[in-house]
Amino acid sequence: MFNTLLSLLSVFLLAFSYMTNAAPVQPVELLVFSPNITSPNGQTVWFTGSKQNVTWETDNIPDEKKNSTGLLLLGHQTNNSENLDIHNPLATQFPISLGYVEITVPQGLENRTDYIVVLFGDSGNACPEFTIINNDPVQN
């Protein structure tokens, strides 16, 4: 029994000595670019099936992010949640530095006044809520 306790104490002391000799962790600066979406905005109305441009500011892109590509998702604000449609992106792999991407508004959406688009590069940035109207006579 004494040998077991001595062995456990030895393992503990060995592990503790490794922890005290470990090099300190250096903080890493992360560059986050979250461009302001300029369109759509709170006065925007889109119709299902129409082609639209989503635009954002590009004047503050850090040099390290100039070649980044983006992902654009549609969602709606309900119960303090963005409810993003991650399975059906509006656009993918477009250059963030371009400042816009053309999309086709999906068919089959319900009429709502709380839609948002979220632009992902290395961070996500949502636009103000806007309206989409389903103009498909079969669904209305």
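As the structure is a prediction and not an experimental result, all values here were calculated from the model.

Chemist: Describe the overall build of the protein, naming the residues involved and giving the relevant values.
Modeler: Across its full length, the protein carries one helix and nine strands. Shown N-terminal to C-terminal, the secondary structure of the protein runs as helices and strands in the order α-β-β-β-β-β-β-β-β-β. Classification of the 140 residues of the protein by burial places 29% in the buried group. Put simply, of all contacts in the protein between residues at least 6 apart along the chain, 65% involve residues at least 24 apart. Element-wise, carbon and sulfur atoms account for 55% of the exposed surface of the protein, whose accessible area totals about 9300 Å².

Chemist: Go over a nonpolar patch on the surface with me, naming the residues and quoting the values.
Modeler: Taken together, Val45, Phe47 and Ile133 make up a surface patch of nonpolar side chains, about 220 Å² in accessible area. With respect to the secondary-structure elements, valine 45 resides in strand E2 (residues 45–47). Judged by its relative accessible area of 42%, valine 45 is partly exposed.

Chemist: Give me the sheet that holds strand E6 (residues 100–104): which residues, what numbers.
Modeler: Overall, antiparallel pairing links the three strands, which are arranged E1-E3-E6 in an open sheet. Lying at the two open borders of the sheet, with one neighbouring strand each, are strand E1 (37–39) and E6. When strand polarity is set aside, the average angle formed by the axes of neighbouring strands in this sheet is 30°. Where strand E3 (residues 51–56) lies against E6, five bridges are found, and the strand directions are antiparallel. Each residue of the ladder has a partner; that of asparagine 53, found in E6, is glutamate 102.

Chemist: Could you give me a rundown of the side chain of aspartate 114, with the residues and numbers involved?
Modeler: Topologically, aspartate 114 is positioned in strand E7 (residues 112–120). Of the polar contacts made by the side chain of aspartate 114, one reaches the side chain of arginine 112; its length is 2.7 Å. Leave out the neighbours within four places in its chain, and aspartate 114 touches Gly75, His76, Gln77, Thr78, Glu129 and Phe130.

Chemist: Mind laying out the nonpolar core, listing which residues take part and the relevant values?
Modeler: In terms of nonpolar packing, the biggest core is built from 24 residues, with Val54, Leu72, Ile103 and Val117 touching the most fellow members. Among the secondary structure elements, those contributing two or more residues to this core are E3, strand E4 (69–76), strand E5 (91–95), E6, E7 and strand E9 (130–133). The greatest single-element share of this core, amounting to five residues, is contributed by E7. Once residues within four sequence positions are removed from consideration, leucine 72 is found in contact with Val54, Pro89, Leu90, Ala91, Phe94, Val101, Ile103, Val117, Val118 and Leu119.

Chemist: Help me get a handle on the side chain of asparagine 125, residues and values and all.
Modeler: Counting through the fold element by element, asparagine 125 comes out in strand E8 (residues 124–126). Looking at asparagine 125, the relative accessible area reads 15%, which means it is buried.

Chemist: How would you summarise the packing of aromatic side chains if you had to cite specific residues and measurements?
Modeler: All told, the structure shown has two aromatic pairs when counted by the stated rule. Ring plane angle 65° and centroid distance 4.6 Å describe the contact between tryptophan 46 and phenylalanine 130, whose orientation is recorded as edge-to-face. Residue tryptophan 46 is located in strand E2, and its partner phenylalanine 130 is located in strand E9; the two are separated by 84 residues in the primary sequence. Taking relative accessible area as the criterion, tryptophan 46 reaches 2% and is therefore assigned buried.

What counts and what doesn't
- Residues numbered from 1 in each chain as written.
- Predicted model: local features only at pLDDT ≥ 70, side-chain atom pairs only at ≥ 80, totals over all residues.
- Heavy atoms only, no water.
- Helix = DSSP H or I, 4+ residues; strand = E, 2+ residues; numbered from the N terminus.
- Buried < 20%, exposed > 50% of the residue type's maximum accessible area, 1.4 Å probe, protein only.
- Contact = heavy atoms within 4.5 Å.
- Areas by Shrake-Rupley, 256 points an atom, 1.4 Å probe, with all protein chains shown as cover.
- Patch = residues over 30% accessible without salt bridge, like charges linked within 9 Å, V, L, I, M, F, W, Y side chains within 5 Å.
- Salt bridge = Lys/Arg side-chain N within 4 Å of Asp/Glu carboxyl O.
- Pairing = 2+ DSSP bridges.
- Axes fitted to C-alpha atoms, helices over the stretch in contact; angles between N-to-C directions.
- Polar contact = N/O pair within 3.5 Å; in protein donor to acceptor, adjacent residues only side chain to side chain.
- Core = buried A, V, L, I, M, F, W, Y, C linked by side-chain atoms within 4.5 Å.
- Phe/Tyr/Trp six-rings, centres within 6.5 Å; stacked < 30°, edge-to-face > 60°.

In short, geometric facts, not functional conclusions.
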